[in-house]
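# Topology and contacts: notes
Read off the chains here:
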Amino acid sequence: MTPLPRDTADPVHTGLTVDTVEIPENPLAVSTDDARSLSVALFHRLCSLAEGTAEYSYVRNTLVELNLSLVKYAARRFRNRSEPFEDIVQVGTIGLIKAINRYDVERGVEFATFAVPTITGEMKRFFRDTSWSVKVPRRLQELRLDMAKSCDAMEQDLGRRPTDHELAEHLGVSDDALAEGRQAANCYVAESLSTSVGQDSDGGSLPRSLGSEEEVYQRIEDLETLKPLLGALGERDRLVLQLRFGDELTQSQIGERLGISQMHVSRLLSRIMAKLRAGMLEDAEGAGSTEARDRRQPQGKEEDGARTESPPPSRLRGGVGT
């Protein structure tokens, strides 16, 4: 036991006076009743110390250790949460420190009565800020809680589940705001994609019920785009493509069959593929490029017409002569 410096403060109702209280070497091992008595005396002592001094910090840290049982008591309410229990205790300890800083021993209120709501509030704030799978505005988070409480209370009073309109009137919000709150409630917990679909499911997972992009559709679209481009090629170009990609001949074999060199075949294939590729890309640009070309064509025709309507130079010269 390490005795505190003596003080002349008034004795507390526990029978311990500030000049006789001794801080235990291991505050965590003190019983609950002893911790309550020591806390009252230490709070009186804390009021007489200047904040920021080493003795002030020592007394406050001792108060934290003496009252850690309050944190663990409040944390048991949330032991079924997904967050680790140790993290909840750490957050509750922050609430305990805030309660110690704000507690006024002169008011005569027991410290546990004052501290537990503060500790619990800090834990709930932690869950509100970290537990949601998808972040939603705070007003929707609070509306979700109000909806759950009001729905249970109204169900007891009405003997049935309230309608959405009745619940909205009870909460003082519009029907649209209530619908938004219901939608936001789905963001609290996200289900795994491997979750079975339905209670009577045969083990099928959610991805099996979701649509996926079919690659064959893109292939069909490419082939339909390529058909007119192939039809516009010359007979020899189509023959070269047929021998290369249909019969899968090498460039040398194609050259022997057509009586040209392998280098010439390579140049032909490069030119044909570049032409087809340009046609495919031009088609992919869509109607925007087509409209742009259509806007340019009339303008060119008007210019040609203007040039056609201009009188010949001979007529101009004749007019000047006359």
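The structure presented is a predicted model; accordingly, all values stated were derived computationally and were not measured.

## Focus on the nonpolar core
Grouped together as the largest cluster of nonpolar side chains are 29 residues, with contacts concentrated most on F43, L46, L96, I100, F111, I119 and M123. Looking at this core, the elements with two or more residues in it are α1 (32-47), α2 (54-66), α3 (68-75), α4 (85-102) and α5 (111-130). In contact with I119, other than residues within four places in its own chain, are L70, V71, A74, G92, G95 and L96. The next biggest cluster of nonpolar side chains, apart from the first, holds eleven residues, and it includes V240, L249, V265 and I272.

## Digging into the packing of aromatic side chains
Scanning the entire structure with this criterion turns up six aromatic pairs. Ring centres of F78 and F127 lie 5.0 Å apart, and the angle between their planes is 55 degrees; on these two criteria the pair is classed as tilted. One end of the pair, F78, is in the loop between α3 and α4; the other, F127, is in helix α5, and 49 residues separate them in sequence. Pair check on accessibility: F78 and F127 agree, each one buried. Put simply, the rings of F43, Y103, F111 and F114 pair up and form one aromatic cluster. Sitting above the plane of the F127 ring, R81 keeps its charged end 4.4 Å from the centroid. The ring of F245 carries R244 above its face, with NZ or CZ at 5.8 Å from the centroid.

## Some details on unusual backbone geometry
Generally, phi is negative for residues other than glycine and the peptide bonds are trans, each holding for most cases. Phi angles above zero are rare outside glycine, and E248 is one such case at about 55 degrees. One can find E248 in the loop between α10 (235-246) and α11 (251-258).

## Some points on the environment of Y56
Note that Y56 resides in helix α2. Along the backbone, Y56 and R45 are eleven residues apart, and their C-alpha atoms lie at a distance of 8.8 Å. Apart from the residues within four sequence positions on either side, Y56 is in contact with L46, L49, A50 and E51.

## Focus: the packing of α2 against α4
It is at 10 Å that the axes of α2 and α4 come closest, and there the two elements cross at 130 degrees. Comparing their axes, α4 and α2 come out oblique. Relative to α4, the crossing made by α2 is right-handed. Facing α2, whose interface residues are R60, L63 and V64, α4 presents T93, L96, I97, I100 and N101. For the contact of α2 with α4, the residue count by class is five nonpolar, two polar and one charged.

## Observations concerning the pattern of salt bridges
Evaluation of the coordinates by the stated rule reveals eleven salt bridges. Where K98 meets E122, a salt bridge forms, and the shortest distance between an N and an O atom there is 3.1 Å. Of this pair, K98 sits in helix α4 while E122 sits in helix α5, placing them 24 residues apart in sequence. Note on E122: relative accessible area 12%, which makes it buried. Salt-bridge contacts for R139 lead to E180; the nearest nitrogen and oxygen are separated by 3.3 Å. Of this pair, R139 sits in helix α6 (residues 138-158) while E180 sits in helix α8 (residues 175-185); the two residues are 41 residues apart in sequence, bridging distant segments of the chain. What makes E180 partly exposed here is its relative accessible area of 33%. Three or more residues joined by partner-sharing salt bridges are found here, namely K98, E122 and R125.

## Observations concerning the packing of α3 against α5
Look at α3 against α5: their axes get within 10 Å of each other, and the N-to-C directions meet at 50 degrees. Relative to α5, α3 is oriented oblique. Regarding α3 and α5, the two cross each other, and that crossing is right-handed. Taken together, the residues of α5 that come into contact with α3 (itself represented by L70, V71, A74 and A75) are F111, A112, A115, V116, I119, T120 and M123. Residue composition of the contact of α3 with α5, grouped by class: ten nonpolar, one polar and no charged.

## Digging into the confidence of the model for the chain
In the predicted model, the chain carries a mean pLDDT of 76, and the fraction of residues at 70 or more is 70%. Averaged pLDDT values over the elements of the chain bottom out at 41 in helix α14 (residues 313-321) and peak at 91 in α4. Note on residues 299-322: pLDDT is under 50 here. Beyond four places in sequence and across chains, it has one contact.

## Some details on α8
Looking only at α8, the buried set comprises L178, G181 and A184. Taken around the axis of α8, the buried residues stretch over an arc of 120 degrees, which confines them to a single face. With respect to the buried face of α8, the exposed residues turned more than 90 degrees away are D176 and Q183. Considering only its buried residues, α8 is in contact with α6 and α7 (164-171).

What counts, and at which threshold
Residues numbered from 1 in each chain as written. Predicted model: local features only at pLDDT ≥ 70, side-chain atom pairs only at ≥ 80, totals over all residues. Heavy atoms only, no water. Core = buried A, V, L, I, M, F, W, Y, C linked by side-chain atoms within 4.5 Å. Buried < 20%, exposed > 50% of the residue type's maximum accessible area, 1.4 Å probe, protein only. Helix = DSSP H or I, 4+ residues; strand = E, 2+ residues; numbered from the N terminus. Contact = heavy atoms within 4.5 Å. Phe/Tyr/Trp six-rings, centres within 6.5 Å; stacked < 30°, edge-to-face > 60°. Lys NZ or Arg CZ within 6 Å of the ring centre and 35° of its normal. Axes fitted to C-alpha atoms, helices over the stretch in contact; angles between N-to-C directions. Parallel < 35°, antiparallel > 145°, perpendicular 65-115°, else oblique. Left-handed = near helix turned anticlockwise from the far one by under 90°. Nonpolar A, V, L, I, M, F, W, Y, C, P; charged D, E, K, R; others polar. Salt bridge = Lys/Arg side-chain N within 4 Å of Asp/Glu carboxyl O. pLDDT = per-residue confidence, 0-100. Arc of directions from axis to C-beta.

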